[in-house]
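So you can see what is in the structure, the chains are spelled out below.
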Amino acid sequence: MIDYLIVGCGLAGISFAEEALRNNKTILVIDNDSQSSSKVAGGLYNPVILKRFSEVWEAQSQLVTMNFFYNQLKSKIEQQFDFKKPILRKFFSMEEQNNWFAASDKPALAPFLSNQLHFKEYKGISAPFGYGEVLHTGYVDTSLLLSTYRNYLIQNNWFRQDSFEYDTIFFKETGIQYKDIQAKHIIFAEGFGLHANPFFNQLPLDGTKGELFIIKAPNLDLDVIINTSVFILPLGNHLFKVGATYNWKEKTDLPTEEGKSELMERIQEIISCDFEIISHFAGVRPTVRDRRPLIGTHTTYNRIHILNGLGTRGVMLGPAMAKALYDSIENKTPLSKEIDIQRFANKKNNRVTL
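Computed from a predicted structure; not experimentally measured.

A. Quick look at the overall build of the protein chain. Within the protein chain, the secondary structure is distributed over 6 helices and 20 strands. Its C-alpha atoms give the protein chain a radius of gyration of 21 Å, near enough to 20 Å, the size a compact globule of 354 residues would have. If you line up the protein chain on its principal axes, its C-alpha atoms span 65 × 40 × 40 Å. Looking at the 354 residues of the protein chain, the share that counts as buried comes to 55%. Looking at the protein chain alone, contacts between residues at least 24 apart form 72% of all its contacts between residues at least 6 apart.

Written out as structure tokens, the structure reads:
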């Protein structure tokens, strides 16, 4: 019998897998490649919501957990996937400069916002009002991380490529029987695929479609991440990742002409040089209406659990939320009410009755 059967091999799934392995637990991960949001994610970690100049929820503790988690993981799988890189917010007016200084004076934001403006000239970008620098930022190459970690799981016989069949779960007193697998617990980390899960599909996972580009811009010289209405992330060899759009209505992973037009328009607001679209891709982020993850244990079946709803900040949230869920299962540590799925239980307005 294994300790954990984990359904889903995105950021949520591998975060829990690694948390379990670090605690000497046995695992098996099942995934069928049906969800693409982690693979196409921008991968940025940024402790500030720049649109509103507000702090990301529990940013400080998430960064500490994230850095410890990724540093250990890099050594284990012998792959560099975490890149520390400044994020600069381009200013379009004196008013935006003033708003930045006002935000940097707030105690919650002071550790993350530099109070020194940057006026470095980057070829291909006109920024007469300069930039503000966000501190403790960077990005994770999520595609590289996920593929490398999956290979690591495969090499250790801890991975199975398969679609999960919910109706074949058999609940026993000591655990769960799933086909030929006996496990003490199942962790569902399926992203937007949650909607097919009969145990948790009552939860209010909305899903937000995002579209991104890889562009080639030979005349753009940039060694930092620029973030305004979209981010521009240098990848090397004159290639840049650009994103992302937010579409709350459509729930497919197919690129659209509307998304393409929106991204092109926003890029042209930031850079002043020509660019070529190399690739255009999309995915549905697992988002929740109250902007908090979905973490917890089913009220009827105490051997099945959920780790979902990481939204746009999966690289920051994943390690911390995996640890919180693991501690709640193994150490009976209460989950924060802000992330516990029981915040939705028995509420008439959304009819969730787990």
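B. Focus on the sheet that holds strand E7 (residues 87–90). Reading across the sheet, the 7 strands line up as E8-E7-E15-E16-E17-E14-E18 and stay open at both edges, with mixed pairing between neighbours. Lying at the two open borders of the sheet, with one neighbouring strand each, are strand E8 (131–134) and strand E18 (276–285). Direction aside, the axes of adjacent strands within the sheet are offset by 25° on average. The pairing of E7 with strand E15 (residues 225–227) spans 2 bridges and is classified as parallel. Paired with leucine 88 across the bridge in E15 is isoleucine 226. Most of the contacts of helix H5 (residues 257–270) go to strand E14 (residues 208–216), to which it runs at about 55°, and overall it touches E7, E14, E15, strand E16 (231–236), strand E17 (239–243) and E18.

C. Layout of the pairing of strand E11 (residues 169–172). Here 4 bridges tie E11 to strand E12 (residues 175–178), and the two strands are oriented antiparallel to one another. Counterpart to isoleucine 169 in the pairing with E12 is tyrosine 178. Counted between consecutive antiparallel strands, the loop separating E11 from E12 contains 2 residues.

D. Up close: H5. When the terminal C-alpha atoms of H5 are compared, their 20 Å separation across 14 residues agrees well with the 20 Å that a helix rising 1.5 Å per residue should span. Those residues of H5 that sit buried are Gly259, Leu263, Ile267 and Ile270. Taken around the axis of H5, the buried residues stretch over an arc of 65°, which confines them to a single face. Among the exposed residues of H5, those pointing more than 90 degrees away from its buried face are Glu257, Glu258, Glu265 and Gln268.

E. The sheet that holds strand E3 (residues 44–45), seen in detail. Spatially, 3 strands are ordered E3-E9-E6 in an open sheet, and the strand pairing comes out antiparallel. Of all strands in the sheet, those bounded by a partner on one side alone are E3 and strand E6 (82–84). Relative to strand E9 (residues 138–140), E3 runs antiparallel, the two sharing 2 bridges. When the bridges of E9 are listed, leucine 44 appears paired with tyrosine 139.

F. Quick look at the packing of helix H2 (residues 59–77) against helix H4 (residues 142–155). Where H2 meets H4, the closest approach of the two axes is 11 Å, and the angle between their N-to-C directions is 55°. One finds that H2 runs oblique with respect to H4. H2 and H4 meet at a crossing whose hand is left-handed. Facing H2, whose interface residues are Tyr70, Leu73, Lys76 and Ile77, H4 presents Leu145, Thr148, Tyr149 and Tyr152.

G. The arrangement of the nonpolar core in detail. Counting 67 residues, the largest nonpolar core has Tyr4, Phe16, Ile27, Leu145, Tyr149, Leu307 and Met321 as the members making the most contacts within it. With residues up to four places along the chain from it excluded, the contact list for leucine 307 reads Ala12, Phe16, Ile187, Phe188, Ala189, Leu294, Ile295, Met321, Ala322 and Leu325. Leu28, Ile30, Ile169 and Leu205 belong to the second largest nonpolar core, which has 27 residues in total.

H. Representation of unusual backbone geometry in the model. The peptide bond linking glycine 243 to alanine 244 adopts the cis configuration, its omega dihedral lying at -5°. When you line up the elements, alanine 244 lands in the loop between E17 and H5. Unlike most non-glycine residues, arginine 291 shows phi in positive territory, near 65°.

Parameters and conventions
- Residues numbered from 1 in each chain as written.
- Predicted model: local features only at pLDDT ≥ 70, side-chain atom pairs only at ≥ 80, totals over all residues.
- Heavy atoms only, no water.
- Helix = DSSP H or I, 4+ residues; strand = E, 2+ residues; numbered from the N terminus.
- Rg over C-alpha atoms; globule rule 2.2 N^0.38 Å.
- Buried < 20%, exposed > 50% of the residue type's maximum accessible area, 1.4 Å probe, protein only.
- Contact = heavy atoms within 4.5 Å.
- Pairing = 2+ DSSP bridges.
- Axes fitted to C-alpha atoms, helices over the stretch in contact; angles between N-to-C directions.
- Expected span 1.5 Å × (residues − 1).
- Arc of directions from axis to C-beta.
- Parallel < 35°, antiparallel > 145°, perpendicular 65-115°, else oblique.
- Left-handed = near helix turned anticlockwise from the far one by under 90°.
- Core = buried A, V, L, I, M, F, W, Y, C linked by side-chain atoms within 4.5 Å.

Geometric values such as these leave the question of function open.
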